[in-house]
Amino acid sequence: MSERESMDYDVVIVGGGPAGLAAAIRLKQLSADTSVCILEKGSEIGAHILSGAVVDPRALDELLPDWREQGCPLADTPVTDNWHWVLSKKGKMSIPHWPMPPLMSNKGCYTGSLGNLCRWLAEQAEGLGVEIFPGFPAAEILYDDAGAVKGVATGDMGVARDGSHKADYQSGMELHAKYTLLAEGARGHLTKQLKKKLALDADCQPQIYGLGIKELWDIDPARHVPGRVIHTQGWPLSTSGTNGGGFLYHQANNQVALGFVTWLNYANPYVSPFEELQRWKQHPEIRAILEGGKRVSYGARAINDGGWQSVPKLAFPGGALIGCAAGFVNVPRIKGSHTAMKSGMLAAENIIAALNARRAGDELADYQPAVNASWIATELKLVRNVLPCVERYGDALGTILGATDMWMRTLKIGLPITMKHHPDNEALMRKDLYQPINYPKPDGVISFDRLTSVSFSFTNHEEDQPCHLQLKDPEVPITVNLPLYDSPEQRYCPAGVYEIVGRDEGAPRLQINAQNCVHCKTCDIKDPTQNINWVAPQGGGGPNYPNM
């Protein structure tokens, strides 16, 4: 018998992002008496939400058709114009939008804070009777005797770094459910466990990722064009044979959300995604927008890049994967909130049908067919070869081939080819094959250092707790990563968590500054030997993003 207290619900949802909140709202819309709770690891809803964001309102229109009239902050800034630049070191070439398929248009979209959208959705959910518990990360999946998921348990609180119980120790709580939805976002730690245990990804391509690093700036009103959306590709990643690109969105209140996405399939171990963002901001076209402005926030998050071919089996006995836990991001559109929300809604509809049939704890067999028949599948199938084309053939030729592939699929011209992926950690090459990259020093005006940047994420962890960045083998960082790759964890982490100390004394060791962690999950993804395992820290720890 477990000594932990337990609570029973019809549905438990892990994660208070767009997918989880949309699922909760739809559940209550369809059955007001259904008991629903959301566990959110952040200190509040939105605290760990980070996205550009340009949002396609298609799912939101289906879920809450009058959202524009109900005070939703996303309605403040419709997209007004689009720019796509291919950058060289000092110049740019503008790419018109007319050659692109209609799917790529941002007409009818909105730009704003996804965190604030989630805060608003949480208000709608609570108004319908959904119980939301922020600051309580789900730490463990619970199974019944038949192996079906029966809920989750929150982590223990008040555990010291050495594992002992402090004076304020509290054991975790078990939340039992007829169905459990995992809506953890990209590289969720419970989703990762469940995929392995139940082989949910046995018949799909491996999921691949990008690292998105974002800043929010208050800029000179004279330089602000509300609703303007800018995307870039080319420099500076072109100098290291790496893929990705930048974005800059003019949002409400004279703010711009800007950032840089580095695909984590890069080979050069000296690449630093953080430094690539800093030098991208120094491009004359970007700097001209920022000069005279002030950075007010910073953060980072991994993004699912695998597309349709990397979507795993979605349903399992006792629950389902929704949103970015399943990987529904449309990479060419740089959008995933609408598909995430729609998947949550479809899962909710299938759960209510199951509950009405007096079922519980079984596999939601109709959920995956519902997704396959929805506009999620239609949209993702159209773009499934774009990223692999760019990855294989480079920015210029790959973009042309990817656009051609999109057009042919849009015009329903038969293309039976679906290109494959390889895990990001396998792409990293030895350090002796590359020269170190000489990144410029930050000027403190446009570009900054990592530790200063982390302070703008308002990250906080209780220091006297077990490290949530676990090494499967503590010797690997020094015996493998240091001699072969020059410790790439020092560079791919955007928060300065990993540091090699003791070199001068001839006794190097890896120091993990876990209190800096912004929960981006890059280390869990990119470590070449998969030696780093990210688990949930004690309640409420991590970034506290405002307006991100």
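Residues numbered from 1 in each chain as written. Predicted model: local features only at pLDDT ≥ 70, side-chain atom pairs only at ≥ 80, totals over all residues. Heavy atoms only, no water.

Draft legend 1. Main features of the pairing of strand β9 (residues 149-154). The buried fraction of β9 amounts to five of the six residues, a majority that puts the element mostly inside the structure. Bridge count for strand β8 (residues 138-143) against β9 is five bridges, and the pairing is antiparallel. Within β9, the position partnered with Ile141 by the bridge is Val152. Pairing geometry for β9 and strand β12 (residues 174-182), over three bridges, is antiparallel. (Buried < 20%, exposed > 50% of the residue type's maximum accessible area, 1.4 Å probe, protein only. Helix = DSSP H or I, 4+ residues; strand = E, 2+ residues; numbered from the N terminus. Pairing = 2+ DSSP bridges.)

Draft legend 2. Focus on the pattern of salt bridges. What the rule picks out here adds up to 25 salt bridges. Its salt-bridge partner being Glu44, residue Arg119 comes within 3.1 Å of it at the nearest N-O pair. Placement of Arg119 in helix α3 (residues 114-127) and of Glu44 in the loop between β2 (36-40) and β3 (54-55) is noted, with a sequence separation of 75 residues between them. Put simply, Asp81 and Arg228 hold a salt bridge, and the shortest N to O gap is 3.0 Å. With a gap of 147 residues between them, Asp81 in strand β4 (residues 81-87) and Arg228 in strand β14 (residues 228-234) connect regions that are remote in the sequence. Given the relative accessible area of 22%, Arg228 is considered partly exposed. A network of salt bridges, in which partner residues are shared, links Arg4, Glu140 and Glu174. (Salt bridge = Lys/Arg side-chain N within 4 Å of Asp/Glu carboxyl O.)

Draft legend 3. Representation of the packing of aromatic side chains. Taken as a whole, this structure holds five aromatic pairs when the rule is applied. Ring centres 5.2 Å apart and planes at 80 degrees place the aromatic pair Trp67 and Tyr110 in the edge-to-face group. Here the residue Trp67 occupies a position in the loop between α2 (58-63) and β4, and Tyr110 occupies one in strand β6 (residues 110-111), the gap between them amounting to 43 residues. (Phe/Tyr/Trp six-rings, centres within 6.5 Å; stacked < 30°, edge-to-face > 60°.)

Draft legend 4. Broad picture of unusual backbone geometry. Note that the residue after Gly52, namely Ala53, is joined by a cis bond; omega there is 0 degrees. Relative to the helices and strands, Ala53 is located in the loop between β2 and β3. Put simply, Trp235 and Pro236 share a cis peptide bond, and its omega is 5 degrees. Residue position: Pro236 is located in the loop between β14 and β15 (244-250). Look at Asn547: it is not a glycine, yet its phi comes out positive at around 60 degrees.

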